[in-house]
Amino acid sequence: MKSHRTGRRRKKGGSRLPVAPWIVITLVCVLIASGLTWGFMALLRSGCSGSVFRVTVAAAPTIAGAVEDAAQDWEATQPEVDGECVGISVTEVSAAEASRGITGIWDQKSLGAPPIAWVPDSQAWASWVTSSEATAGYVSSEPVVLGQATSVIALAESKAEELGWLGGQPPSWPEILDAASEGQVTLAAANPRTSTEGLVAMLNASSDGEGGFSEEAMAAYAAAIESGSVLDHAPEQFAGYAETGDTTQVFTALGYQVEDFNAISGVEDPLVPVSPAGTSLGAVAAYLVLGGAGWVSDSDAGIAARFGEFLAGAVASGDFTDPELTPVEDAATALAMATPEAVGLAVRSWQSGSRDLNVLFLVDRSIATEEETVDYGGESMPAATAAIRLAIGMVEDMESTYRVGLWEFGVGAGGDQNWRSVTDVAELSDDNRANLVDDLYGVWEDEPYQGGSPLYDSLVAAYGHMGANSVADAVNLVVVLTNVGVDVESQPTVEQTAQAIADMDGSVTVYTIGFGSANGDNLRVLAEAGGGSYLESPDAASVLASIGG
């Protein structure tokens, strides 16, 4: 993904004509009299002219607004390169999505243009990206620290008082985990794969106390989460508390998330943030130029670096502010708390605690998937598009050790049968991952199959195929994506299909994902027959969390 601007920008020629003083005086008088002083100033201004060439900065949603404000302030100074105006275009991309896109395949359709610079809301994400030998040199600038949020645990105020965790020495992470193992509390954690609050909490909980990683501490943290719960983000966990009022739960969060929840929830027993004793790592937001990435040209990296210099000056002067972040007094020390080595060890240990996946996507390509418009990711689109976007998101989030393949189904898709294999199940090496994403786009671009949705026969065939090709010590899955769920094309009924699945090899699990007007009752029956569950219009991260990836 090479930048479309790779060379030096052509200098705009022309010399400046001398201007006689009396002409200038006369012109000033005329402009003032006409109220057009700004026009005169524009005439006198030296620098760039014409349209502005902007490079893309991907910023986490919580800080994107402040970065956008700074970008506008910088552009008002009319920065230029060889006479051409330059600037910054800010796109909101979660740090988790950006880290996966930077190390894997950047999905331009959902994430926008590949970034020239990146602003994660925690430096830990950048440390994870650079912990790999292949991407170690991607960041080409010193980080510009923009601020930080505090990593906390949140729990009901009454429970915190009962445990003695308010007003004195706060508990350490080992003490919190001991309380969880003794049943005093349950740990409701945000997922480290999908959230900054989850990642930073995991790193603090698994720290050896000296800036390194402890496998023993990680094992204790993982055990506490296994007996508690994991959701993608802290606000989802908070929403559950608002409904149930379960004061036994302890949540991993960032300080401002607790404040935001209390401000809008109206719960009688508010959550209080507690920063565990010995916590050394906060969510430090930083600006990074990706000059070492293959899609970034030297000229574009140079523009991003100049904006970084502007940001550094704004931070130093106090002009850069973000309502969610507090200033960082010692940037070097704050950054040193999340080294690539320690973060890499912790994240890989977390991932190794999960079993590998062996997945077959079964995608509905009947005409109904194109005819219905659904909401997905805050946008309206055909159900077929939503299904492909979800599948691509899952593929990009999956580990390289997972094995994944693709079937599509529709009337006559395979000639004398209603399904066909598009991509053989194979390990997600870089090439295989890219090929699978290309195949998913290809399926989406092809014309849909006329007729109904032959789901039942296709699912039985896919289930049998995965049973015959199951992988020991892996989670073997068939993942169905459809907006239908009622099949008038296949011979068996939904009950007969469910019975056929239940009678087959039980080493394969079925997950059915429904969009729009999908028949949830039928899809739930089929999934439960295969030992799985029905998921309604989720996003890629929540599907992976549900299936154990």
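Check the entry above for the structure.
Computed from a predicted model, the values in this text were never measured in an experiment.

A side chain with one charge may pair with a side chain of the opposite charge, provided their charged atoms come close. The full count for this structure, using the stated rule, is eight salt bridges. One salt bridge connects R100 with D397, and the closest N-O pair in it is separated by 2.2 Å. On the criterion of sequence distance, the pair formed by R100 in helix α4 (residues 95–103) and D397 in helix α17 (residues 383–397) is long-range, its members being 297 residues apart. Pair check on accessibility: R100 and D397 agree, each one buried. Across the pair R193 and E399 runs a salt bridge, and its minimum N-O distance is 2.6 Å. Linking R193 in the loop between β7 (186–190) and α9 (196–205) with E399 in the loop between α17 and β15 (403–409), this pair joins segments that are 206 residues apart in sequence.

Attention shifts here to the pairing of strand β14 (residues 379–382). Two elements, strand β13 (residues 373–376) and β14, share four bridges in a ladder whose sense is antiparallel. Residue D375 lies in a different strand from β14, and its bridge partner there is S380.

Across the sheet, which stays open at both edges, the six strands sit in the order β16-β15-β12-β17-β18-β19 with mixed pairing between neighbours. The open sheet is flanked by β16 (419–427) and β19 (534–536), the only strands paired with a single partner. With strand direction ignored, the average angle separating the axes of adjacent strands in the sheet is 15 degrees. Where β15 lies against β16, six bridges are found, and the strand directions are antiparallel. Paired with W407 across the two strands is S421, which belongs to β16. Contacts from α17 reach β12 (356–364), β17 (474–482) and β18 (508–514), with the element oriented near 165 degrees to β12. Strands in contact with helix α19 (residues 455–468) are β12, β15, β16, β17 and β18; relative to β12, the strand with the most contacts, it is inclined by about 160 degrees.

What counts and how
- Residue positions are counted from 1 within each chain, in the order its sequence is given.
- A pLDDT threshold of at least 70 governs which residues receive local features in this predicted model, and a stricter bar of 80 or more applies before side-chain atom pairs are shown or counted, although totals over entire chains, interfaces and linings include all residues.
- Side-chain numbers here rest on the full set of heavy atoms in the structure, without hydrogens or water.
- A carboxyl oxygen of Asp or Glu within 4 Å of a side-chain nitrogen of Lys or Arg is what we treat as a salt bridge.
- Think of it this way: any DSSP run of H or I at least four residues long counts as a helix, any run of E at least two long counts as a strand, and we number them from the N terminus.
- A simple rule labels every residue: compare its accessible area, found with a 1.4 Å probe on the protein chains alone, to the largest value its type can have, and call it buried under 20%, exposed over 50%, or partly exposed in between.
- Pairs of strands are assigned from DSSP output, requiring at least two bridges between the strands.
- Angles run from 0 to 180 degrees between N-to-C directions of axes, and those axes are lines fitted to C-alpha atoms, restricted for helices to the stretch in contact.
- Throughout, a contact is declared for two residues whenever any of their heavy atoms are within 4.5 Å.

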